[in-house]
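Fold and contact review
Residues per chain are reported as follows:
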There are 2 protein chains.
Amino acid sequence: MKERTVWVVGMGPGGGLQMTAEAARVLKQCDVIVGYTVYVSLLRELFPEKEYRTTPMCREMERCRMAFEEARGGKTVAMVSGGDAGVYGMSGLMLELSAEYPDCTVRVVPGVTAALAGAAVLGAPLMHDFAVISLSDRMTPWEKIERRLQLAAAADFVICIYNPASRTRADYLRWACDVILKEAEPERICGLVRQIGRDGETARVLTLMELREEPVDMFTTVFIGNSTTRVIDGRMVTPRGYRIR
Amino acid sequence: MKERTVWVVGMGPGGGLQMTAEAARVLKQCDVIVGYTVYVSLLRELFPEKEYRTTPMCREMERCRMAFEEARGGKTVAMVSGGDAGVYGMSGLMLELSAEYPDCTVRVVPGVTAALAGAAVLGAPLMHDFAVISLSDRMTPWEKIERRLQLAAAADFVICIYNPASRTRADYLRWACDVILKEAEPERICGLVRQIGRDGETARVLTLMELREEPVDMFTTVFIGNSTTRVIDGRMVTPRGYRIR
């Protein structure tokens with residue numbers, strides 16, 4: 001019998017402006033908020049009266065069990081992810097682990113993921129069919145990532161790249177550009193946004209060859225246009241096909 | 001010189017619960033809201049004091065020009081899309097047309113798109129790399145849609161399908177399933193959500209072969225799992241790869 005609900009909440013990028021009404025309502029009514037340290041520190045300012053539980057990065061299983069255990073202890077619990085909890089966030093692992101906590105129901109509250117928020121900053125790059133690919137090979141073999149990049153470019157998808165770099169993966173975006181260059185021209189319009197929704201947010205529109213040389217970090221989201229993407233007044237725009245000439 | 005800002009706002013799916021704080025703030029401060037009739041009627045309840053301008057479906061250019069003209073008339077204007085304005089919404093066309101209105105700056109406010117909201121209802125289908133594809137051939141040749149479906153399945157992306165049917169495209173989802181069946185097994189886990197965030201929302205988890213026979217309409221969002229997607233306690237879950245056995 002399900003007696004307890006554990007919420008998994010996407011808080012959107014940045015500090016609260018992009019949070020949905022439902023996410024804010026759930027966080028407001030819960031006792032305990034569990035999350036990765038960076039996101040929790042953003043929330044402490046908005047909801048100072050809550051109890052917070054954190055674990056460092058790469059301790060996801062521990063963090064999830066913490067949430068279920070708090071719920072069993074009688075607390076109303078929300079596990080938070082930046083952006084959307086369902087896109088490289090915590091909702092999948094929470095649902096996988098929920099099999100071990102049959103008295104708990106996991107409910108997911110969606111949020112604005114970096115692909116959508118970054119696209120809005122750049123203009124309208126995702127107006128046609130698109131693919132979202134993470135370059136993190138922590139849990140996916142690079143060969144699979146490479147194949148997805150190449151097929152996505154061959155299919156003329158707009159491509160949005162998450163996790164383009166980390167301290168141990170400095171060259172991954174350059175490698176990804178080299179894979180895409182097998183299918184796309186060097187002048188292909190691309191864009192990147194750093195620190196979406198946070199202080200110091202920056203954006204740049206550039207070509208695929210320029211992107212290859214661009215330093216990026218784990219707080220950067222990258223967009224590779226499709227064959228029709230162009231620059232209009234400094235903005236990155238993929239026409240949907242309404243035939244404006 | 002840019003004298004006026006025209007806002008393009010994604011209001012999320014349904015009637016307001018999934019709207020972000022920023023979207024609500026922009027709509028609250030504007031004089032005129034322009035949009036497709038269905039979305040506008042949802043907003044009239046939340047913001048009854050605004051002026052509204054609508055055009056029927058398929059009159060997108062006219063609707064965009066209406067927004068720019070209102071802005072030139074001195075009004076603060078927001079063009080609204082359901083979900084996210086940057087995913088098959090109005091931000092692209094607004095930016096394309098903005099070249100004709102050099103005194104106006106277009107600013108885009110992101111929203112929760114149906115892929116994210118539908119995923120949250122089903123469980124966590126988008127936890128790994130995914131592709132978003134519209135089956136509408138109003139502005140894209142079917143051959144291009146077919147090629148994208150096949151390459152996305154070959155790349156083992158989770159696939160989220162928008163516009164799976166309309167009155168004139170009753171069989172398109174069946175055709176899409178047949179394309180995907182060239183690369184994926186008939187038992188592949190799929191899901192669909194109808195009327196996301198609205199009264200009468202329903203969801204179903206089913207196999208690819210069952211999906212082929214399923215009646216859908218333009219208010220349905222469809223998810224095709226990747227090779228690792230499975231059902232956990234009735235929910236559709238794509239593991240990210242944290243190796244839970």
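Our structure's up above, just so we're on the same page.
Figured I'd write up the structure that's included with this text. (Residues numbered from 1 in each chain as written. Chains lettered and ligands numbered in written order. Predicted model: local features only at pLDDT ≥ 70, side-chain atom pairs only at ≥ 80, totals over all residues. Heavy atoms only, no water.)

Moving on, we come to the interface of chain B and chain A. Between chain B and chain A, the residue contacts involve 70 residues of the former and 70 residues of the latter. Overall, the association of chain B and chain A removes approximately 6200 Å² of surface from exposure, summing both partners, and the carbon and sulfur fraction of that is 59%. Notably, a salt bridge pairs Glu96(B) with Arg230(A), separated by 2.9 Å at the nearest N-O pair. Counting across the chain B and chain A interface gives 34 residue pairs in polar contact (both at pLDDT 80 or more). Looking at the side of chain B that touches chain A residue by residue, the class counts come to 35 nonpolar, 17 polar and 18 charged. Bridging between strand E7 (residues 130–134) of chain A and strand E7 (residues 130–134) of chain B involves 3 bridges; their strand directions are antiparallel. Counterpart to Val132(A) in the pairing with E7(B) is Phe130(B). (Contact = heavy atoms within 4.5 Å. Buried area = accessible area lost by both parts, 1.4 Å probe. Salt bridge = Lys/Arg side-chain N within 4 Å of Asp/Glu carboxyl O. Polar contact = N/O pair within 3.5 Å; in protein donor to acceptor, adjacent residues only side chain to side chain. Nonpolar A, V, L, I, M, F, W, Y, C, P; charged D, E, K, R; others polar. Pairing = 2+ DSSP bridges. Helix = DSSP H or I, 4+ residues; strand = E, 2+ residues; numbered from the N terminus.)

Residues and elements named next belong to chain B. Strands sit in the order E3-E2-E4-E1-E5 across an open sheet of 5 strands; the sheet is parallel. Two strands in the sheet have a free side with no partner beyond their single neighbour: strand E3 (51–55) and strand E5 (104–109). This sheet shows a mean twist of 25° between the axes of neighbouring strands, independent of strand direction. Relative to strand E4 (residues 77–81), strand E1 (residues 4–10) runs parallel, the two sharing 5 bridges. Along E4, the bridge assignment pairs Val9 with Val80. (Axes fitted to C-alpha atoms, helices over the stretch in contact; angles between N-to-C directions.)

This paragraph deals with empty space enclosed by the protein. According to the stated counting rule, one finds 3 cavities of 30 Å³ or more in the structure shown. Here the largest cavity defines a volume of roughly 70 Å³. Every residue lining the largest cavity is listed: Tyr88(A), Ser134(A), Ser136(A), Arg138(A), Met139(A), Thr140(A), Met127(B), His128(B), Asp129(B) and Arg240(B). For the lining of the largest cavity, a count of residues per class yields 3 nonpolar, 4 polar and 3 charged. Taken together, His128(A), Arg240(A), Tyr88(B), Ser134(B), Ser136(B), Arg138(B), Met139(B) and Thr140(B) make up the full set of residues lining the second largest cavity. (1 Å grid on protein atoms, 1.4 Å probe; cavity = no way out; pocket = protein on both sides within 12 Å on 5 of 7 lines; lining within 4 Å. Points joined across faces, edges and corners; volume = space filled by probe spheres on them.)

As a further point, take unusual backbone geometry. Its identity is not glycine, yet Asn163(A) carries a phi of approximately 50°, on the positive side. Residue placement: Asn163(A) occurs in the loop between strand E8 (158–162) and helix H7 (172–180). For Asn163(A), a relative accessible area of 24% translates into the label partly exposed. Here Asp233(B), not a glycine, exhibits a phi torsion of approximately 50°, which is positive. Mapping Asp233(B) onto the fold places it in the loop between strand E12 (230–232) and strand E13 (235–237). (Buried < 20%, exposed > 50% of the residue type's maximum accessible area, 1.4 Å probe, protein only.)

Interpretation note: all reported values are geometric properties and have no functional meaning in isolation.
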